[in-house]
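This is what each chain is made of:
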Amino acid sequence: MTEPTPADRPTSGPARKPHEFAATRDWPGYFDAVAGSGPRDTLLRALELFDQPIDPDAPPLAIDLGCGEGRDTQHLIDLGWRVLAIDGHADAIRRIREVRRLAEHPRLTLLELPFESVEQLPACDLLAASFSLPFCPPEHFARLWSELQAALKPGAIFAGQLFGDRDEWATLPDRAHHTREAALELLSAFEIDTFNEEERDGEDASGTPKHWHVFHIVARKR
Ligand SMILES: C[S@@+](CC[C@H](N)C(=O)[O-])C[C@H]1O[C@@H](n2cnc3c(N)ncnc32)[C@H](O)[C@@H]1O
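Q: Would you mind showing me how to read the packing of helix α3 (residues 41–49) against helix α4 (residues 71–78) here?
A: Packed helices, taken two at a time, are described by the angle their axes make and the gap between the axes. Put simply, α3 and α4 touch, their axes get as near as 10 Å, and they point 25 degrees apart. In terms of axis orientation, α3 runs roughly parallel to α4. The hand of the α3/α4 crossing is right-handed. Contacts between α3 and α4 involve Leu 43, Leu 44 and Leu 47 from the first element and Asp 72, His 75 and Leu 76 from the second. Here the residues of the contact of α3 with α4 are counted per class, giving four nonpolar, one polar and one charged.

This is the structure we're talking about:
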């Protein structure tokens, strides 16, 4: 990583938090705000569950759906996985290529593709969708979820987040939010390892309240 962390970067006012950029889909702003961050906890838990050694001659395949600037992709690559990293924003793909210098990496395939157009994902051993699925337009969510489920081999692991119906952004028309029951229903084809429901009031840097309602999920496909 050569990009400076938010703490290194000069600012002219209070630093804005990543979610403030996500609220308005300002993805380059979001990528700047999270630059230098490590892999998500849900991915780390999924990797604990994947208890097979990585065979360098036949590395397992992970899909990073909504990969952003590549925090999870980078970690998987560093561990020896093959990775298909998908994101709808050109700047996400550019940052993985140029900032993380992974453009020519033999185990990485980068795909600039909106969730709305995802189809026929390859069979994978792990699928990470860290804080990305809620940004799928709701009318496309069911099809995206079924594509994702179809890609996961039996025994493969899903790691990611869904946003709950009491989250502040649930009223935005372009977000896919789920009740606890609906989220659990989506996981009916999985053995659930982690289903942490987080609900709390937070504030952004300017003191604006944000109510969070998030499900942190790690689950194994049956
Ligand atoms: C909150 S960021 C999460 C990025 C990364 N997974 C992480 O954990 O930091 C959401 C990501 O979803 C992507 N995204 C949002 N809407 C999308 C869509 N309709 N199709 C594809 N990607 C989308 C954004 O470009 C962004 O990279």
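Q: Help me out: how do you make sense of the confidence of the model for the protein chain in this one?
A: Predicted coordinates in areas of low pLDDT are best not read in detail. When the pLDDT values of the protein chain are averaged, the result is 92; 91% of them are 70 or greater. Mean pLDDT in the protein chain bottoms out at helix α1 (residues 18–23), which sits at 88, and peaks at strand β1 (residues 61–65), which reaches 99. Long-range and interchain partners of residues 1–11, a stretch whose pLDDT sits below 50, account for 19 contacts in this model, where long-range means more than four residues apart.

Q: Just to check I follow, could you spell out helix α6 (residues 138–151) for this structure?
A: Note that an α-helix has 3.6 residues per turn; residues three or four places apart therefore point the same way. Between its first and last C-alpha, α6 extends 20 Å over 14 residues, near the 20 Å set by a 1.5 Å rise per residue. Regarding α6, the residues found buried are Phe 141, Leu 144, Trp 145, Glu 147, Leu 148, Gln 149 and Ala 151.

Q: Would you mind showing me how to read helix α5 (residues 90–99) here?
A: Among the residues of α5, those classed as buried are Asp 91, Ala 92, Ile 93, Arg 95, Ile 96 and Val 99. Following α5 by one or two positions, Arg 101 has its phi on the positive side, about 55 degrees.

About the criteria used
- Residues numbered from 1 in each chain as written.
- Predicted model: local features only at pLDDT ≥ 70, side-chain atom pairs only at ≥ 80, totals over all residues.
- Heavy atoms only, no water.
- Axes fitted to C-alpha atoms, helices over the stretch in contact; angles between N-to-C directions.
- Helix = DSSP H or I, 4+ residues; strand = E, 2+ residues; numbered from the N terminus.
- Parallel < 35°, antiparallel > 145°, perpendicular 65-115°, else oblique.
- Left-handed = near helix turned anticlockwise from the far one by under 90°.
- Contact = heavy atoms within 4.5 Å.
- Nonpolar A, V, L, I, M, F, W, Y, C, P; charged D, E, K, R; others polar.
- pLDDT = per-residue confidence, 0-100.
- Expected span 1.5 Å × (residues − 1).
- Buried < 20%, exposed > 50% of the residue type's maximum accessible area, 1.4 Å probe, protein only.

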